[in-house]
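# Survey of secondary and tertiary structure
Chain residues, written in single-letter form:
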Amino acid sequence: MTRLPIVLAMALLFCTGLQAKVFKISTEYPDGNAVLNELRAVGERIDAKTDGRVTFKFYPGGVMGDGTAVQRKIRIGQLHGTFIHSGALANSYKNSQALNAPLLFRDFEEVDAVRAEFDTVLNQGFIDSGWHTYGLIEGGFAYAMTAVPATDMETLKSQKLWLPANDPFSEKIARAFDISPIVLNIGDVLTALQTGAIDAIVTPPVGAITLQWYSQTQYLTDAPFMYTYGVVALAEKAVQRLSESDQQILSEELTASSKRLDSMARADNLQAFSALESLGINIVQLPPAVRTALEQEAAQATEKLIESGEIEQDLYDRIVVVLDRIRNP
(Lines give C-alpha, C1' and ligand atoms only; values in the text may rest on other atoms or scores of the structure.)
Protein backbone atom coordinates (compact mmCIF):
# COMPACT_ATOMS: atom_id res chain seq x y z
CA MET A 1 0.00 0.00 0.00
CA THR A 2 2.83 2.39 0.82
CA ARG A 3 4.20 2.05 -2.69
CA LEU A 4 0.99 3.25 -4.38
CA PRO A 5 1.39 6.99 -3.64
CA ILE A 6 5.00 6.81 -4.88
CA VAL A 7 3.94 5.10 -8.10
CA LEU A 8 1.17 7.65 -8.65
CA ALA A 9 3.56 10.53 -8.01
CA MET A 10 6.09 9.14 -10.48
CA ALA A 11 3.37 8.59 -13.06
CA LEU A 12 2.14 12.17 -12.62
CA LEU A 13 5.68 13.52 -12.95
CA PHE A 14 6.24 11.46 -16.09
CA CYS A 15 3.00 12.67 -17.71
CA THR A 16 3.83 16.27 -16.85
CA GLY A 17 7.19 15.88 -18.54
CA LEU A 18 5.50 14.60 -21.67
CA GLN A 19 3.26 17.65 -21.79
CA ALA A 20 6.10 20.15 -21.35
CA LYS A 21 7.18 21.86 -24.57
CA VAL A 22 10.16 24.10 -25.25
CA PHE A 23 9.57 26.24 -28.31
CA LYS A 24 12.87 27.07 -29.99
CA ILE A 25 12.38 30.35 -31.87
CA SER A 26 14.74 32.02 -34.34
CA THR A 27 14.87 35.74 -35.11
CA GLU A 28 17.24 38.07 -36.93
CA TYR A 29 16.82 40.72 -34.23
CA PRO A 30 19.93 41.06 -32.04
CA ASP A 31 19.95 40.36 -28.33
CA GLY A 32 18.98 43.41 -26.30
CA ASN A 33 16.77 44.78 -29.08
CA ALA A 34 13.32 45.99 -27.96
CA VAL A 35 11.62 43.42 -30.18
CA LEU A 36 13.53 40.55 -28.65
CA ASN A 37 12.89 41.95 -25.18
CA GLU A 38 9.15 41.82 -25.88
CA LEU A 39 9.41 38.27 -27.22
CA ARG A 40 11.27 37.15 -24.13
CA ALA A 41 8.66 38.85 -21.94
CA VAL A 42 5.76 37.07 -23.63
CA GLY A 43 7.66 33.80 -23.32
CA GLU A 44 7.93 34.35 -19.58
CA ARG A 45 4.21 35.11 -19.31
CA ILE A 46 3.29 31.94 -21.18
CA ASP A 47 5.69 29.95 -18.99
CA ALA A 48 4.00 31.32 -15.84
CA LYS A 49 0.44 30.84 -17.07
CA THR A 50 1.07 27.23 -18.14
CA ASP A 51 2.99 26.38 -14.94
CA GLY A 52 6.11 25.64 -16.99
CA ARG A 53 4.44 23.33 -19.50
CA VAL A 54 5.22 25.76 -22.36
CA THR A 55 8.54 27.60 -22.40
CA PHE A 56 10.55 29.48 -25.02
CA LYS A 57 14.19 29.56 -26.06
CA PHE A 58 15.22 32.29 -28.49
CA TYR A 59 18.05 32.28 -31.00
CA PRO A 60 18.69 35.96 -31.87
CA GLY A 61 20.86 37.74 -34.39
CA GLY A 62 20.23 35.32 -37.26
CA VAL A 63 22.48 32.65 -35.74
CA MET A 64 20.17 29.97 -37.18
CA GLY A 65 20.61 31.31 -40.71
CA ASP A 66 18.36 33.08 -43.18
CA GLY A 67 14.66 32.42 -43.75
CA THR A 68 15.30 29.40 -45.96
CA ALA A 69 17.65 27.76 -43.46
CA VAL A 70 15.30 28.49 -40.57
CA GLN A 71 12.33 26.89 -42.33
CA ARG A 72 14.40 23.82 -43.12
CA LYS A 73 15.32 23.51 -39.45
CA ILE A 74 11.67 23.90 -38.49
CA ARG A 75 10.69 21.09 -40.87
CA ILE A 76 13.14 18.68 -39.23
CA GLY A 77 12.21 19.79 -35.71
CA GLN A 78 15.46 21.53 -34.81
CA LEU A 79 13.42 24.75 -34.44
CA HIS A 80 9.72 25.22 -33.77
CA GLY A 81 9.10 28.75 -35.00
CA THR A 82 10.45 32.11 -36.04
CA PHE A 83 9.79 35.83 -36.16
CA ILE A 84 10.17 36.26 -39.89
CA HIS A 85 9.35 38.72 -42.68
CA SER A 86 6.29 37.81 -44.70
CA GLY A 87 8.03 37.22 -48.01
CA ALA A 88 10.13 34.42 -46.56
CA LEU A 89 6.96 32.34 -46.18
CA ALA A 90 5.82 32.89 -49.77
CA ASN A 91 6.59 29.30 -50.75
CA SER A 92 3.76 28.14 -48.51
CA TYR A 93 1.50 31.20 -48.84
CA LYS A 94 1.89 33.32 -51.98
CA ASN A 95 -0.51 36.05 -50.91
CA SER A 96 1.72 36.85 -47.97
CA GLN A 97 3.36 39.24 -50.44
CA ALA A 98 0.21 41.10 -51.46
CA LEU A 99 1.05 44.11 -49.26
CA ASN A 100 4.65 44.11 -50.54
CA ALA A 101 3.78 45.18 -54.08
CA PRO A 102 6.06 48.07 -55.17
CA LEU A 103 4.81 51.59 -54.39
CA LEU A 104 1.43 50.16 -53.42
CA PHE A 105 1.01 52.67 -50.59
CA ARG A 106 1.68 56.40 -50.37
CA ASP A 107 1.44 56.79 -46.61
CA PHE A 108 0.49 55.05 -43.37
CA GLU A 109 -3.13 56.20 -43.60
CA GLU A 110 -3.50 54.00 -46.65
CA VAL A 111 -1.73 51.13 -44.91
CA ASP A 112 -4.10 51.34 -41.94
CA ALA A 113 -7.18 51.37 -44.16
CA VAL A 114 -6.08 48.30 -46.12
CA ARG A 115 -4.91 46.39 -43.06
CA ALA A 116 -8.21 47.06 -41.28
CA GLU A 117 -9.91 45.02 -44.01
CA PHE A 118 -7.26 42.43 -44.86
CA ASP A 119 -5.23 41.60 -41.73
CA THR A 120 -7.63 38.82 -40.78
CA VAL A 121 -7.63 37.47 -44.33
CA LEU A 122 -3.84 37.37 -44.54
CA ASN A 123 -3.38 35.90 -41.07
CA GLN A 124 -5.87 33.14 -41.85
CA GLY A 125 -3.96 32.46 -45.05
CA PHE A 126 -0.81 31.73 -43.05
CA ILE A 127 -2.78 29.42 -40.75
CA ASP A 128 -4.35 27.56 -43.68
CA SER A 129 -0.83 27.09 -45.07
CA GLY A 130 0.39 25.25 -41.98
CA TRP A 131 1.68 28.09 -39.81
CA HIS A 132 0.26 29.33 -36.54
CA THR A 133 0.53 33.11 -36.76
CA TYR A 134 -0.92 35.70 -34.42
CA GLY A 135 -1.33 38.90 -36.39
CA LEU A 136 0.70 41.05 -38.76
CA ILE A 137 3.63 42.96 -37.30
CA GLU A 138 4.68 46.06 -39.19
CA GLY A 139 8.23 46.33 -40.47
CA GLY A 140 7.67 49.77 -41.93
CA PHE A 141 8.18 51.37 -45.30
CA ALA A 142 11.37 50.49 -47.12
CA TYR A 143 12.99 53.43 -48.87
CA ALA A 144 15.76 53.67 -51.45
CA MET A 145 18.96 55.00 -49.86
CA THR A 146 21.72 55.93 -52.25
CA ALA A 147 25.09 57.63 -52.61
CA VAL A 148 23.70 60.09 -55.19
CA PRO A 149 20.29 61.79 -55.37
CA ALA A 150 17.79 59.39 -56.97
CA THR A 151 15.12 61.68 -58.36
CA ASP A 152 13.98 59.29 -61.07
CA MET A 153 13.89 55.60 -61.90
CA GLU A 154 16.74 55.84 -64.38
CA THR A 155 19.11 57.06 -61.68
CA LEU A 156 18.06 54.22 -59.37
CA LYS A 157 18.52 51.69 -62.16
CA SER A 158 22.09 52.90 -62.64
CA GLN A 159 23.00 52.12 -59.02
CA LYS A 160 24.52 48.90 -57.71
CA LEU A 161 21.43 47.95 -55.72
CA TRP A 162 21.55 45.39 -52.91
CA LEU A 163 18.81 42.89 -52.29
CA PRO A 164 18.77 40.21 -49.55
CA ALA A 165 19.69 36.65 -50.43
CA ASN A 166 16.88 34.08 -50.60
CA ASP A 167 14.24 36.75 -51.22
CA PRO A 168 13.00 35.84 -54.71
CA PHE A 169 10.01 38.20 -54.55
CA SER A 170 12.17 41.30 -54.04
CA GLU A 171 14.46 40.10 -56.79
CA LYS A 172 11.50 39.66 -59.14
CA ILE A 173 10.32 43.18 -58.30
CA ALA A 174 13.76 44.54 -59.17
CA ARG A 175 13.87 42.65 -62.44
CA ALA A 176 10.34 43.79 -63.29
CA PHE A 177 11.81 47.31 -63.15
CA ASP A 178 14.74 46.11 -65.33
CA ILE A 179 17.13 46.44 -62.38
CA SER A 180 19.88 43.86 -61.97
CA PRO A 181 20.38 43.66 -58.21
CA ILE A 182 23.38 42.45 -56.26
CA VAL A 183 22.24 39.72 -53.88
CA LEU A 184 24.01 39.45 -50.51
CA ASN A 185 23.33 38.18 -47.02
CA ILE A 186 22.41 40.92 -44.54
CA GLY A 187 25.68 40.47 -42.65
CA ASP A 188 27.66 41.39 -45.79
CA VAL A 189 25.84 44.64 -46.63
CA LEU A 190 27.84 47.11 -44.53
CA THR A 191 31.16 45.83 -45.88
CA ALA A 192 29.81 45.92 -49.44
CA LEU A 193 28.75 49.55 -48.95
CA GLN A 194 32.13 50.44 -47.50
CA THR A 195 34.03 48.86 -50.39
CA GLY A 196 31.71 50.17 -53.12
CA ALA A 197 30.51 46.73 -54.15
CA ILE A 198 27.03 48.19 -53.73
CA ASP A 199 25.96 51.83 -53.48
CA ALA A 200 22.19 51.60 -53.01
CA ILE A 201 19.88 49.78 -50.60
CA VAL A 202 16.14 49.55 -49.99
CA THR A 203 15.39 49.33 -46.28
CA PRO A 204 13.15 50.62 -43.49
CA PRO A 205 14.73 53.50 -41.50
CA VAL A 206 15.10 51.40 -38.35
CA GLY A 207 17.16 48.83 -40.23
CA ALA A 208 19.35 51.51 -41.77
CA ILE A 209 20.22 52.88 -38.33
CA THR A 210 20.41 49.62 -36.38
CA LEU A 211 22.78 48.05 -38.91
CA GLN A 212 24.72 51.29 -39.51
CA TRP A 213 24.01 51.21 -43.22
CA TYR A 214 23.02 54.88 -43.23
CA SER A 215 26.68 55.80 -42.57
CA GLN A 216 27.60 54.70 -46.09
CA THR A 217 24.77 56.49 -47.93
CA GLN A 218 23.88 60.15 -48.34
CA TYR A 219 20.34 60.30 -49.73
CA LEU A 220 16.90 58.81 -49.04
CA THR A 221 14.20 59.06 -51.70
CA ASP A 222 10.94 59.91 -49.94
CA ALA A 223 8.75 57.48 -51.86
CA PRO A 224 7.93 54.32 -49.88
CA PHE A 225 9.13 51.68 -52.30
CA MET A 226 7.70 48.76 -50.36
CA TYR A 227 5.66 48.14 -47.23
CA THR A 228 7.13 45.40 -45.06
CA TYR A 229 5.71 43.27 -42.28
CA GLY A 230 6.51 40.11 -40.39
CA VAL A 231 4.82 37.46 -38.29
CA VAL A 232 5.55 35.23 -35.35
CA ALA A 233 5.11 31.86 -37.04
CA LEU A 234 5.03 28.54 -35.17
CA ALA A 235 4.97 25.12 -36.81
CA GLU A 236 1.51 23.60 -36.71
CA LYS A 237 2.76 20.20 -35.54
CA ALA A 238 4.54 21.80 -32.58
CA VAL A 239 1.43 23.72 -31.48
CA GLN A 240 -0.86 20.72 -31.92
CA ARG A 241 1.12 18.79 -29.30
CA LEU A 242 -0.16 21.16 -26.62
CA SER A 243 -3.40 20.73 -24.71
CA GLU A 244 -6.32 22.88 -25.83
CA SER A 245 -6.03 25.05 -22.73
CA ASP A 246 -2.31 25.67 -23.31
CA GLN A 247 -2.96 26.42 -26.99
CA GLN A 248 -5.49 29.03 -25.86
CA ILE A 249 -2.97 30.68 -23.54
CA LEU A 250 -0.34 30.61 -26.28
CA SER A 251 -2.72 32.21 -28.78
CA GLU A 252 -3.96 34.93 -26.42
CA GLU A 253 -0.49 35.96 -25.31
CA LEU A 254 1.15 35.90 -28.75
CA THR A 255 -1.77 37.78 -30.30
CA ALA A 256 -1.49 40.52 -27.66
CA SER A 257 2.30 40.59 -28.07
CA SER A 258 2.01 40.87 -31.87
CA LYS A 259 -0.25 43.92 -31.44
CA ARG A 260 2.30 45.54 -29.13
CA LEU A 261 5.14 44.82 -31.56
CA ASP A 262 3.06 46.22 -34.43
CA SER A 263 2.55 49.51 -32.57
CA MET A 264 6.19 49.65 -31.47
CA ALA A 265 7.40 49.25 -35.05
CA ARG A 266 5.29 52.16 -36.33
CA ALA A 267 6.60 54.49 -33.64
CA ASP A 268 10.20 53.31 -34.05
CA ASN A 269 10.23 53.79 -37.82
CA LEU A 270 8.70 57.26 -37.67
CA GLN A 271 11.31 58.23 -35.10
CA ALA A 272 14.09 56.62 -37.14
CA PHE A 273 13.03 58.49 -40.30
CA SER A 274 13.39 61.78 -38.45
CA ALA A 275 16.67 60.63 -36.92
CA LEU A 276 18.18 59.95 -40.35
CA GLU A 277 17.94 63.65 -41.18
CA SER A 278 19.79 64.56 -37.99
CA LEU A 279 22.42 61.97 -38.91
CA GLY A 280 23.14 63.80 -42.16
CA ILE A 281 20.94 61.92 -44.62
CA ASN A 282 19.42 64.20 -47.27
CA ILE A 283 15.71 63.54 -47.93
CA VAL A 284 14.94 63.71 -51.66
CA GLN A 285 11.40 64.74 -52.60
CA LEU A 286 10.13 63.60 -55.98
CA PRO A 287 8.34 66.11 -58.26
CA PRO A 288 4.65 65.16 -58.70
CA ALA A 289 5.13 64.21 -62.36
CA VAL A 290 8.06 61.93 -61.51
CA ARG A 291 6.10 60.36 -58.66
CA THR A 292 3.16 59.66 -60.99
CA ALA A 293 5.42 58.12 -63.63
CA LEU A 294 7.12 55.98 -60.99
CA GLU A 295 3.77 54.71 -59.68
CA GLN A 296 2.70 53.81 -63.22
CA GLU A 297 5.90 51.85 -63.75
CA ALA A 298 5.35 50.14 -60.38
CA ALA A 299 1.82 49.15 -61.42
CA GLN A 300 3.24 47.56 -64.58
CA ALA A 301 5.82 45.71 -62.49
CA THR A 302 3.05 44.45 -60.21
CA GLU A 303 1.14 43.13 -63.20
CA LYS A 304 4.19 41.08 -64.13
CA LEU A 305 4.25 39.68 -60.58
CA ILE A 306 0.58 38.75 -60.83
CA GLU A 307 1.11 37.10 -64.21
CA SER A 308 3.93 34.99 -62.75
CA GLY A 309 1.69 33.87 -59.88
CA GLU A 310 3.38 35.80 -57.08
CA ILE A 311 0.13 37.53 -56.04
CA GLU A 312 -3.48 36.59 -56.76
CA GLN A 313 -5.23 39.04 -59.05
CA ASP A 314 -8.46 38.95 -57.02
CA LEU A 315 -6.81 39.91 -53.72
CA TYR A 316 -4.75 42.67 -55.34
CA ASP A 317 -7.86 44.10 -57.05
CA ARG A 318 -9.71 44.16 -53.71
CA ILE A 319 -6.82 46.05 -52.11
CA VAL A 320 -6.79 48.57 -54.97
CA VAL A 321 -10.51 49.19 -54.44
CA VAL A 322 -9.80 50.27 -50.85
CA LEU A 323 -6.95 52.53 -51.99
CA ASP A 324 -9.10 54.12 -54.69
CA ARG A 325 -11.78 54.81 -52.10
CA ILE A 326 -9.24 56.75 -50.02
CA ARG A 327 -7.62 58.60 -52.92
CA ASN A 328 -10.88 59.50 -54.66
CA PRO A 329 -13.48 60.07 -51.92
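These remarks concern the structure in this document. (Residues numbered from 1 in each chain as written. Predicted model: local features only at pLDDT ≥ 70, side-chain atom pairs only at ≥ 80, totals over all residues. Heavy atoms only, no water.)

## Considering the overall build of the chain
Helix and strand counts for the chain stand at twelve helices and eleven strands. Relative to its length of 329 residues, the chain is compact, with a C-alpha radius of gyration of 22 Å against a globular reference of 20 Å. Seen along its three principal axes, the alpha-carbon backbone of the chain occupies a region of about 90 × 45 × 30 Å. Taking all 329 residues of the chain together, 48% fall into the buried category. Carbon and sulfur atoms make up 54% of the accessible area of the chain, which totals about 15600 Å². Distance between charge centres in the chain, computed from 28 positive and 40 negative side chains, equals 8 Å. (Helix = DSSP H or I, 4+ residues; strand = E, 2+ residues; numbered from the N terminus. Rg over C-alpha atoms; globule rule 2.2 N^0.38 Å. Buried < 20%, exposed > 50% of the residue type's maximum accessible area, 1.4 Å probe, protein only. Areas by Shrake-Rupley, 256 points an atom, 1.4 Å probe, with all protein chains shown as cover. Lys, Arg positive; Asp, Glu negative; His and termini not counted. Charge placed at Lys NZ, Arg CZ, Asp CG, Glu CD.)

## Let's talk about the nonpolar core
Most often, soluble globular proteins keep nonpolar side chains buried together rather than apart. Ranked by internal contacts, the top residues of the largest apolar core, which has 94 residues, are Phe23, Leu99, Phe105, Leu234, Leu250 and Ile319. Sorting elements by how many residues they give to this core places strand β10 (residues 226-235) first, with eight residues. Excluding its chain neighbours within four sequence positions, the residues that come into contact with Leu99 are Leu104, Phe105, Val114, Arg115, Leu122, Leu136, Tyr227, Tyr229 and Ile319. (Core = buried A, V, L, I, M, F, W, Y, C linked by side-chain atoms within 4.5 Å. Contact = heavy atoms within 4.5 Å.)

## Quick look at the packing of helix α2 (residues 34-49) against helix α10 (residues 244-278)
As a packed pair, α2 and α10 sit with axes 10 Å apart at the nearest point and diverge in direction by 160 degrees. Relative to α10, the element α2 lies roughly antiparallel. Considering how the two elements wind past one another, α2 and α10 form a crossing that is right-handed. Packed against α2, whose contacting residues are Ala34, Val35, Glu38, Leu39, Val42, Arg45, Ile46 and Lys49, the element α10 presents Ile249, Leu250, Glu253, Leu254, Ser257, Arg260, Leu261 and Met264 at the interface. (Axes fitted to C-alpha atoms, helices over the stretch in contact; angles between N-to-C directions. Parallel < 35°, antiparallel > 145°, perpendicular 65-115°, else oblique. Left-handed = near helix turned anticlockwise from the far one by under 90°.)

## Observations concerning the packing of helix α6 (residues 168-176) against helix α11 (residues 288-307)
At a minimum axis separation of 9 Å, α6 and α11 run at an interaxial angle of 130 degrees. Here α6 is positioned oblique relative to α11, judged by the angle of their axes. Helix-helix and strand crossings are classified by hand; for α6 and α11 the assignment is right-handed. Along its contact with α6, which presents Phe169, Lys172, Ile173 and Ala176, the element α11 presents Ala301, Lys304 and Leu305. Among the residues making up the contact of α6 with α11, the classes are represented as five nonpolar, no polar and two charged. (Nonpolar A, V, L, I, M, F, W, Y, C, P; charged D, E, K, R; others polar.)

## What about the pairing of strand β1 (residues 21-27)?
Among the seven residues in β1, five count as buried, and that is most of the element. In this structure, β1 lies alongside strand β2 (residues 54-59), joined through six bridges in parallel fashion. Note that in β2 the partner of Lys21 across the bridge is Val54. Taken together, β1, α2 and β2 form a β-α-β motif whose crossover is right-handed. One ladder, built from three bridges, connects β1 with strand β3 (residues 81-85); its direction is parallel. Residue pairing in the sheet places Ser26 in a bridge with Thr82 of β3. (Pairing = 2+ DSSP bridges. Right-handed = clockwise from strand over helix to strand, strands pointing away.)

## Here's the deal with the packing of aromatic side chains
A full pass over the atoms with the stated rule returns eleven aromatic pairs. Ring geometry for Phe23 against Phe56: centres 5.4 Å apart, planes inclined by 20 degrees, an arrangement best described as stacked. Of this pair, Phe23 sits in strand β1 while Phe56 is found in strand β2, placing the two residues 33 residues apart along the sequence. In this structure, Phe23 and Phe56 share a single accessibility class: buried. (Phe/Tyr/Trp six-rings, centres within 6.5 Å; stacked < 30°, edge-to-face > 60°.)

## Some remarks on α6
Residues of α6 that are buried: Phe169, Ser170, Ile173, Ala174 and Ala176. The arc enclosing the buried residues of α6, seen along the axis, measures out at 165 degrees, which places them on a common side. Turning to α6, the residues buried within the fold contact β6 (162-164), β10 and α11. (Arc of directions from axis to C-beta.)

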